[in-house]
Amino acid sequence: MVVKDYANWIGDDHLLEEYQETLRNRPWETCECRICEKHGIEVCVFRGNDRNRRRGFHNTRRFYDQFAEELPKILVATKGTASLSGYETIKDYLQDKHSDFWEQVHDLPVAEIGTLHGDGVQEWWNETPSLVSFSPDRIAEAIGDQTERYQHLFLLTQDGEISPQIADSVSKNDCELQLFDDPEELRESVLKACGRDYSVGEDFVPHPPTIDTSDGLDVLVIDQCSGSKEIPDDAPVFNQAETLEFSREELLNRGNVPGIAAKDLYTGRQQKHVKDASRRLRGQGHDVDRYFISAGFGLVAEDDPLPPYEVTFSSMNVSEIRERSKKLQIQKDLKRVLTESEYDIVFFTLGSDYYTSIDVDSMVQEVPADRIGVVFNREVVEDQFDNIVSVPARTEDAKRHGTIVVGLKGHYMKNFANRVEGFETLKPQIIETLCRQIEEETTQAAFEKY
């Protein structure tokens, strides 16, 4: 009550749910930084210079920890030769004896580069050893110790092969060994492991992906359930309490309960438009997988049978949505869908409550850098990722298209399906234009700038 009264007094009452969640989770008790261990909840209190400074130290440490965890640890090398000791530095040797390799790797980001011999991989800035050994056993022992610190070892050899004992020594450390005989192929694989799509100028600059449509698109649509449903007149309808208490299978196993395919159950304006768009895309030779985020049953495929029910996330607050999502394992199941197949385009046709259920700002990171993700009204996400486009879908946009906000995302998808045919390549901004273009304004010239 004290926190609530204080929040109301200073005008922070709109943050009360977040305050309650923080106090309930007590994150300072699980943080391993010394600031939290010593000062506890004081780190979370936004009053006083001493508290703010401590929180700054905490945030800096947590950023460092996350950066270290997410940053791929990559070792890149080529196997040395007997002439190695005849050079002053490893760099001199690589530039002279392995110039093709050096040209392809010297400017790679987030990678340590060197040559492999009996002492393991010596990096390019080191002096060369006075004595050189290429005994497989000695190399295996050295590289085994060294790769404990790495996730990837990219190795160039003359024939793209290495002795079994060296390969085994690397794999025992859960370090992925990739062998190459072509420096250009090695380079492309390293860039892919970095997790971004890069072009090279004076520096590495991420760029928006370009999708080739010539062989058809693989499209994933993450739709949401709707309050409007098609239910047989004689079928029982489960209320919110029953739906939240029992699983889908338990409800379907009850007598006189029909199993209705998700794509047929949800009949909201948006869902009808998305259904039409999916049918249109399939008719053009594209593959479309459609899933629904259901407040009742989690992530369901469009053909999954569902019992009639009445519950949506719109009836829940943020904390309840997150708790329900966790119970239904929505984020875990959606990540699995995103990672098990290589979709060219992923449409997240969801409202704000459903974005909360999947933690959309985090989920879009599961879309590979060379694929395109489409979200709505999430400009901050678009600013962070070159392969994500945020399409405005607010009241003023709905008026322009002669519809209402609740159906606008589906309307955009129909626009995309009706206009994508004939485009040999797609970029994020082209997709936005295809979605938003008013019919009478649509001309090929409107897209040429992309």
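Coordinates for the structure precede this section.
What you are looking at is a predicted structure, and each value in this text was computed from that prediction instead of being measured.

What counts, and at which threshold
Residues numbered from 1 in each chain as written. Predicted model: local features only at pLDDT ≥ 70, side-chain atom pairs only at ≥ 80, totals over all residues. Heavy atoms only, no water. Helix = DSSP H or I, 4+ residues; strand = E, 2+ residues; numbered from the N terminus. Buried < 20%, exposed > 50% of the residue type's maximum accessible area, 1.4 Å probe, protein only. Contact = heavy atoms within 4.5 Å. Areas by Shrake-Rupley, 256 points an atom, 1.4 Å probe, with all protein chains shown as cover. Lys, Arg positive; Asp, Glu negative; His and termini not counted. Charge placed at Lys NZ, Arg CZ, Asp CG, Glu CD. Salt bridge = Lys/Arg side-chain N within 4 Å of Asp/Glu carboxyl O. Patch = residues over 30% accessible without salt bridge, like charges linked within 9 Å, V, L, I, M, F, W, Y side chains within 5 Å. Arc of directions from axis to C-beta. Axes fitted to C-alpha atoms, helices over the stretch in contact; angles between N-to-C directions. Parallel < 35°, antiparallel > 145°, perpendicular 65-115°, else oblique. Nonpolar A, V, L, I, M, F, W, Y, C, P; charged D, E, K, R; others polar. Core = buried A, V, L, I, M, F, W, Y, C linked by side-chain atoms within 4.5 Å. Left-handed = near helix turned anticlockwise from the far one by under 90°. Pairing = 2+ DSSP bridges.

Caption draft 1: Up close: the overall build of the protein chain. The number of helices and strands found in the protein chain is 21 helices and 17 strands. In the protein chain, which comprises 450 residues, the share counted as buried stands at 45%. In the protein chain, the share of contacts with a sequence separation of at least 24, taken over all contacts with a separation of at least 6, comes to 63%. Within the structure as shown, the protein chain displays about 24000 Å² of accessible surface, and the carbon and sulfur contribution to it stands at 45%. Positive and negative charge centroids in the protein chain, built from 51 and 84 side chains respectively, lie 7 Å apart.

Caption draft 2: Representation of the pattern of salt bridges. Taken as a whole and assessed by the stated rule, the structure comprises 23 salt bridges. With its nearest N and O atoms 2.8 Å apart, the salt bridge here joins aspartate 119 to arginine 138. Taken together, the residues span a long stretch of sequence, with aspartate 119 in the loop between strand 2 (112–117) and strand 3 (120–123) and arginine 138 in helix 7 (residues 136–146) at a distance of 19 residues. The class of arginine 138 is partly exposed, set by a relative accessible area of 41%.

Caption draft 3: Expanded view of a nonpolar patch on the surface. Nonpolar side chains collect at one region of the surface, where Val3, Leu23 and Ile41 lie side by side and expose about 230 Å² of accessible area between them. Secondary-structure assignment places leucine 23 in helix 2 (residues 16–25).

Caption draft 4: How the structure looks around unusual backbone geometry. Phi is positive for arginine 26, close to 50 degrees, though the residue is something other than glycine. For arginine 26, a relative accessible area of 38% gives the class partly exposed.

Caption draft 5: Main features of helix 5 (residues 90–97). Taken together, the buried positions of helix 5 are occupied by Ile90, Tyr93 and Leu94. The buried side chains of helix 5 occupy one side of the element, clustering within an arc of 95 degrees when seen end-on. The elements touched by buried residues of helix 5 are strand 1 (74–79), helix 6 (99–105), strand 2 and strand 3.

Caption draft 6: Examining the packing of helix 20 (residues 405–419) against helix 21 (residues 428–436) more closely. Two numbers describe how helix 20 lies on helix 21: the axes approach to 7 Å, and their chain directions differ by 105 degrees. Between helix 20 and helix 21, the crossing angle belongs to the class labelled roughly perpendicular. Where helix 20 abuts helix 21, its residues Tyr412, Asn415, Phe416 and Arg419 lie against Ile431, Leu434, Cys435 and Arg436. For the contact of helix 20 with helix 21, the residue count by class is five nonpolar, one polar and two charged.

Caption draft 7: How the structure looks around the nonpolar core. Core analysis: the biggest nonpolar cluster contains 74 residues, and Phe348, Phe416 and Leu426 have the highest contact counts within it. Of all the elements, helix 20 adds the most residues to this core, at five residues. Counting residues in hydrophobic clusters, the runner-up holds 19 residues, among them Ile74, Leu84, Leu94 and Phe101.

Caption draft 8: Seen up close, the packing of helix 1 (residues 2–10) against helix 2. Contact pair helix 1 / helix 2: the axes reach a minimum separation of 11 Å and the direction vectors enclose 150 degrees. In this view, helix 1 runs roughly antiparallel relative to helix 2, as classed from their interaxial angle. Considering the relative orientation of helix 1 and helix 2, their crossing is right-handed. For the pair helix 1 and helix 2, contact is made by Val3, Lys4, Ala7 and Asn8 and by Leu16, Tyr19 and Leu23, respectively. Each residue belonging to the contact of helix 1 with helix 2 can be placed in one class, and the counts come to five nonpolar, one polar and one charged.

Caption draft 9: Summary view of the sheet that holds strand 1. Sheet architecture is open: five strands sit in the order 3-2-1-4-5, paired in mixed fashion. The two strands at the open ends of the sheet, each matched to only one other strand, are strand 3 and strand 5 (176–180). Direction aside, the axes of adjacent strands within the sheet are offset by 30 degrees on average. By the bridge criterion, five bridges tie strand 1 to strand 2 in an arrangement that is parallel. Across the sheet, residue leucine 75 finds its bridge partner in strand 2, namely glutamate 112. Strand contacts of helix 5: strand 1, strand 2 and strand 3, with the helix running at about 80 degrees to strand 2, the strand carrying the most contacts.

Caption draft 10: Structural context of the pairing of strand 14 (residues 345–348). By the alternation rule, side chains of strand 14 split into Ile345 and Phe347 and Val346 and Phe348, which are all buried. Bridge analysis of strand 9 (residues 218–224) against strand 14 gives four bridges, and the strand direction is parallel. Note that in strand 14 the partner of valine 221 across the bridge is phenylalanine 347. Sheet topology note: the strand 14/strand 15 (residues 372–376) ladder contains three bridges and is parallel. The residue bridging phenylalanine 347 from the neighbouring strand is valine 374, located in strand 15.

Read these as geometric descriptors, not functional statements.
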